[in-house]
Amino acid sequence: MKINNLVIAIDGTAASGKGTLGKKLAESYKIPYLDTGNLYRSVASLMLSANVDLNDQEIAIKIAKSLDLKTVNVFNNRNIEVTNASSLIAQFEGVRNVLLDFQREFAKDGAVVDGRDIGTVVLPSSDHKFYITASSEVRAIRRFEQYKENNEKIDLKTIKYDIEARDKRDKERIIAPLKIADDAIIIDTTNLSIKSVFDFAVMHIDNK
Ligand code: DC
């Protein structure tokens, strides 16, 4: 089994557990972890705080270029407004292009990278590709519990609606849509514990 320079791509639907799996794999194989959703969330968050039009691609590109990509990995704003805005600005080809080189550079000596287009566009020659999903009901409940822990009051119905709307937008956009790479292992986490998902992924990695 290859250990050095191991590149693991994790794509999947919103709130499916990609990040949880990604962090655990990165820790286990001692390689860096990148949550690429944070890149899009950062652009969205800056646009919202500057109160600019979310449909303005030129401004979005300018903001993406101005990001300090070294620190963006620690940004983790899961606020629902930022979340929905990130999926909107992720449709812009210019924004995606600005962020592409950073993602490839990050993974060049091995990494776990999670997002929507990692196995298909960003790192198509990854050593391992996983596609993670779960029923929208279960994903909404998991997100609901996280919001509750952070004292954010959002009802379950709204969360489920937002998750489904975001999946639809991420799957239907023209540039780098969310889709299952031909060589990806699909894991449906609806009825699986975090440990079972991790063990299943490790089994695939170690046996390849
Ligand atoms: O993974 P996440 O839920 O934090 O991502 C937020 C949004 O960012 C998601 O709805 C679409 C966009 N995104 C993307 O288009 N491509 C990626 N590789 C990662 C995220």
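What you see is a predicted model, and the numbers here were worked out from it, not measured in a lab. (Residues numbered from 1 in each chain as written. Predicted model: local features only at pLDDT ≥ 70, side-chain atom pairs only at ≥ 80, totals over all residues. Heavy atoms only, no water.)

Another aspect to go through is the site of the ligand. Every one of the 16 residues lining the ligand counts as a neighbour, but R41, R96, R166, D170 and R173 are closest to it. Computed on the free molecule, the ligand has an accessible area of 450 Å², of which 98% lies beneath the protein chains in the complex. Among the elements of the structure, α2 (37–49), α4 (80–89) and α8 (156–172) are those that each provide at least two residues to the shell around the ligand. The element contributing the most residues to the shell around the ligand is α2, with 3 residues. (Near = heavy atom within 4 Å. Areas by Shrake-Rupley, 256 points an atom, 1.4 Å probe, with all protein chains shown as cover. Helix = DSSP H or I, 4+ residues; strand = E, 2+ residues; numbered from the N terminus.)

Counting buried positions along strand β4 (residues 128–133) yields 6 of 6 residues, so the element is predominantly enclosed. By the bridge criterion, 5 bridges tie strand β1 (residues 7–12) to β4 in an arrangement that is parallel. Bridged to D11 within β4 is Y131. Strand direction decides the pairing type here: β4 and strand β5 (residues 185–188), joined by 4 bridges, are parallel. Each residue of the ladder has a partner; that of Y131, found in β5, is I186. (Buried < 20%, exposed > 50% of the residue type's maximum accessible area, 1.4 Å probe, protein only. Pairing = 2+ DSSP bridges.)

With phi around 60 degrees, N51 is a residue other than glycine that occupies positive phi space. Along the chain, N51 turns up in the loop between α2 and α3 (57–66). For N51, a relative accessible area of 72% gives the class exposed.

Bringing the environment of I31 into the picture now. Along the polypeptide, I31 turns up in the loop between α1 (18–29) and β2 (33–35). Along the sequence, I31 and D183 sit 152 residues apart, while their C-alpha atoms lie 22 Å from each other. I31 has contacts with L6, I8, A26, G110, A111 and V112, leaving out every residue within four places of it along the chain. (Contact = heavy atoms within 4.5 Å.)

All chains considered together, the criterion is met by 1 aromatic pair. Where F102 meets F106, the ring centres are 6.1 Å apart and the plane angle is 55 degrees; that geometry is what we call tilted. With F102 and F106 both in helix α5 (residues 93–106) and 4 residues apart, this pair spans about one turn of that helix. By relative accessible area, F102 is classed as buried at 17%. The class for F106 is partly exposed, based on a relative accessible area of 22%. (Phe/Tyr/Trp six-rings, centres within 6.5 Å; stacked < 30°, edge-to-face > 60°.)

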